[in-house]
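Architecture and fold: a report
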Amino acid sequence: MNTTASQIRAGYAFVERNINLIRRYWTWEIVWLVYSTADSLAVSFIGLGMERIGGAQNVDGKFLVLYLLIGTLVWRFLSTIFYWMINLINIERWEGTIEYTLMAPVRRITHMAGQTFFSVTYSLLFTGVILVITALMFDLNLQQANLVGGTLMLSAGSFSFVGIGIMASIMPLLFPERGEQMAHVLIALVLLVSGVYYPVDVLPPLLQKLAVISPATYVLEGTRKALLDGMPTGQLWPYVWPTLLMGLVLIPAGLWIFNQAERYAKRTGRLHRNG
Amino acid sequence: MTAAVVVHDIYKKFGKPGGPWWKQMLKGRVANGKNAHSNGNGNPGQNGSGEHAAQNGNKPMVVAIDHVSFIVDEGEIFGVLGPNGGGKSTLIRLISTLLLPDQGNITVFGHDVERQSMKVREIINRVSVEASFFKKLSPMENLMYGARLYGLSGPETHKKLVEILNRLGLEKRSIYNPMEEMSRGMQQKVAIARALISRPRLLLLDEPTTGLDPRSKREVQTLVRELNQEQGTTILLTTHDMGEAEALCHRIAIMDKGKVVALDTPENLCRLVPSKNGTPTTLEDVFLELTGRSLASEDEKVEA
C-alpha cells in the first residue's frame, strides 16, 4: 500500500472528493462567486469614488481602481487557498468523517499534497473568473503591466499560504466547536497588516513590524510593482525570495505542528467529537 | 494459531486529574462550595452512571479502559459485549489507531498500533455505530473516496463496489443518489461495503447492526459469517445484541466499567451462572450476574 502509486491514488482521493463536493454544492459555489465578485467590485469602485470625493486633479482614479483591484484579487486568491487548506480538517468535522479519513493508510504529507493541489488550482480558477468579470466592468489599462511577473508573485505566495493554512487547520482539529472561527481570526489579522487595500506604511509602527512577517505583504507589493509599474521579472526578486523563504519555513513547520496536534487529539480523544 | 490482535494491559482515561495550580485553586473554591460528589484527592471515584470518575473541580476524569488484556486469534469472530460507557468503542478506537493508550500496548498481526500505525491501517478497517459519510455525495462517490484512500484503482473498484452494494441489497439507482436521501439502515450497509472494499485482515465492527430492521440485521450477520468463513477475515465485533453475539462469536469478552469481567465461548459463559426456574441460562443472565445491571440502559428500555 505504501508504494508511490498507492500514495498518488490516495492523494487524488482528496482532489476527486473536493470536485464531487463542489459539484453537489454547486448552488453554494454560485452564491460564493457572486458574493466575491460583488465584494471585489465594491472595493474597486472606491477608486472612482475617491476621484469624485478628492477632486480629479488630486487623485488618479484609474490607477487607484487597479491598485485596489490587485489587492482584492490577490487577497481572494491567497485567502481561498487558506480556506481550502483549513478544509483538511474542517470539512471532515462538519461531515463527521474525520475518523475514517485519519484511520486510512495515507501519509499526512500525501493528504496535504492532495489538498494543496486542489486548493491552488481551485483558487486560480475562482480568482480568474472574478478577474474576467471585474475587467469587463472597468476600463483597465494593462499595457505596461508585467503579467508574467504578477503570476510569478502569486505562485510564490501560494506556498506560504499553504503553510499558514496547514497550521490553521489544527484549530478545528483541537477545538471541534469553535476551531473554524479561530482560523478566521488568524486570516483577519494577516489581512489587517499586509497592505491589501492600503500601503503598509500608513499602519501604526507595531502593525508595520507585523507586516514584515506576513508573506502577503511581499506578494501584494511584488504584484503591484509588476502590474502597476511594469517592473521586469528579474527585478521582482526582493519580493519573491521572502515569500519563498516563508513558504520553505511554514510548510514543514505546519506539517510538524499538525502531526503534534494529531497526536494530542488522539491522546485526548478529540477526534471523536463532531463540531 | 496466530494471534491477530494482542491487547496487553491497556489503560485509557479521559480528562485531566489536575491542570495548572491556579485553575485547581479556582475550581477548588467552586467545588468546595457546590460539588458534594468531589472526593477532593484526585482518586477515581464513581459517579451515578457507573463511570469511573475523579471530580477535579468541574472536570471529571473518566477511566474508559482499565488494564484490559486479551488475545484475538486469526480467523476468529471475537465479540465484546457491554453496556453504553463500558469501554467497547474506546477499545475499537485504540485498535484502529484513532486513540493512543496511556499504558500498555496493542499489536495487530504483530504490528504495534502506536509505533507502526501505517502498517496496522493497511490491514484493518472499521464500521462504526454512526455511519459517517459526506452526506451530499452518493454512496458510489463516498466509496470511491474510501477505495482511493486505500490505494485502489478506479474502474476495477467501481465494478467491485456495484457488486458489493447489490449484494447488500442496495438498488442500482440509489447508488448514485446523495447519501442524505437514504435510510439509516441503508447508510449502515454502505458503511459495511466501505469497510469490505479494502479486504481487511482484521475487521472492527462497532455495533454494526444498531438501527437496522430485522431483515437487514440478518443480511449483515450472514455477510459477517461469510466473510469470516470464506475469506478468513478476523472480526472483532462489539454489540448490545445478545442473540447476535451468541450466533456469530466464537468467543465473547464481557466489559463493564472499562474492565473485562469475563471472557470465554458463549457456551462456557452460560455455564458460569446456574439456570433458574428450569430455563436455560442466557448471556443476559450472565451479564446481570457479573455486573449487577442490565445491558441496555433504563432509557433505552423505555424507548424500546
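Residues numbered from 1 in each chain as written. Chains lettered and ligands numbered in written order. Predicted model: local features only at pLDDT ≥ 70, side-chain atom pairs only at ≥ 80, totals over all residues.

Bringing the overall build of chain B into the picture now. Counting its secondary structure elements, chain B contains 11 helices and 12 strands. Scored against the burial criterion, the 304 residues of chain B give a buried share of 42%. (Helix = DSSP H or I, 4+ residues; strand = E, 2+ residues; numbered from the N terminus. Buried ≥ 20, exposed ≤ 12 C-beta atoms within 10 Å, placed from the backbone.)

Our focus in this paragraph is the environment of leucine 255 of chain A. All names here are of chain A. Structurally, leucine 255 can be placed in helix α12 (residues 237–268). Distance in space between the C-alpha atoms of leucine 255 and methionine 167 is 7.6 Å, their sequence separation being 88 residues. With sequence-adjacent residues up to four places away left out, leucine 255 is seen in contact with Arg108, Ile109, Met112 and Ile166. (Contact = placed C-beta atoms within 7 Å.)

Residues and elements named next belong to chain B. Here chain B averages 84 in pLDDT, while 82% of its residues score no lower than 70. A low-confidence stretch, residues 297–304 stays under pLDDT 50, and its non-local contacts, those more than four residues away or across chains, total three contacts. Both confidence scores are given for the complex: pTM 0.86, ipTM 0.89. (pLDDT = per-residue confidence, 0-100.)

So, on to the sheet that holds strand β12 (residues 259–264) of chain B. Residue and element names in this part refer to chain B. Ordered by their spatial adjacency, six strands build an open sheet running β8-β9-β10-β5-β11-β12, and the pairing between neighbours is mixed. Of all strands in the sheet, those with a lone pairing partner are β8 (124–127) and β12, marking the two edges. Here the strands of the sheet are splayed against their neighbours by 15° on average, with no regard to which way each runs. (Pairing = 2+ DSSP bridges. Axes fitted to C-alpha atoms, helices over the stretch in contact; angles between N-to-C directions.)

Before going further, it helps to examine the environment of isoleucine 109 of chain A. Within the secondary structure, isoleucine 109 of chain A is located in helix α6 (residues 108–137). With 143 residues separating them along the chain, isoleucine 109 of chain A and proline 252 of chain A place their C-alpha atoms 9.8 Å apart.

Our next topic: the interface of chain A and chain B. Each partner contributes to the interface: chain A provides 28 residues, whereas chain B provides 27 residues. Of all the elements in the fold, those that place two or more residues in the side of chain A that touches chain B are α1 (4–24), α5 (98–103) and α12 of chain A. Here the side of chain A that touches chain B takes 10 residues from α1 of chain A, the largest share from any one element. Residues of the side of chain A that touches chain B, tallied by class, amount to 13 nonpolar, seven polar and eight charged. (Nonpolar A, V, L, I, M, F, W, Y, C, P; charged D, E, K, R; others polar.)

We now examine the packing of α6 of chain A against α12 of chain A. Residue and element names in this part refer to chain A. Running from N to C, α6 and α12 cross one another at 125°; their axes reach a closest spacing of 11 Å. Classed by the angle they form, the pair α6 and α12 counts as oblique. Judged by the sense of rotation from one axis to the other, the crossing of α6 with α12 is right-handed. Judged by residue contacts, Arg108, Ile109 and Met112 of α6 engage Leu255, Phe258 and Asn259 from α12. (Parallel < 35°, antiparallel > 145°, perpendicular 65-115°, else oblique. Left-handed = near helix turned anticlockwise from the far one by under 90°.)

A word on the pairing of β8 of chain B. Regular strands place their side chains on alternate faces of the sheet. Residues and elements named next belong to chain B. Side chains of β8 alternate between two faces, with Ile124 and Arg126 and Asn125 and Val127 buried alike. Note: β8 against strand β9 (residues 202–206), four bridges, orientation parallel. Within β9, the residue paired with isoleucine 124 across the bridge is leucine 202.

Attention now goes to the nonpolar core. One finds Phe82 of chain A together with Ile95 and Leu236 of chain B to be the most contacted residues of the largest nonpolar core, which totals 138 residues. The element best represented in this core is helix α3 (residues 61–86) of chain A, accounting for 17 residues. Look past the residues within four positions of isoleucine 95 of chain B in its chain and what remains in contact with it is Val5, Ile106, Val108, Val113, Leu204 and Leu236 of chain B. (Core = buried A, V, L, I, M, F, W, Y, C linked by C-beta atoms within 7 Å.)

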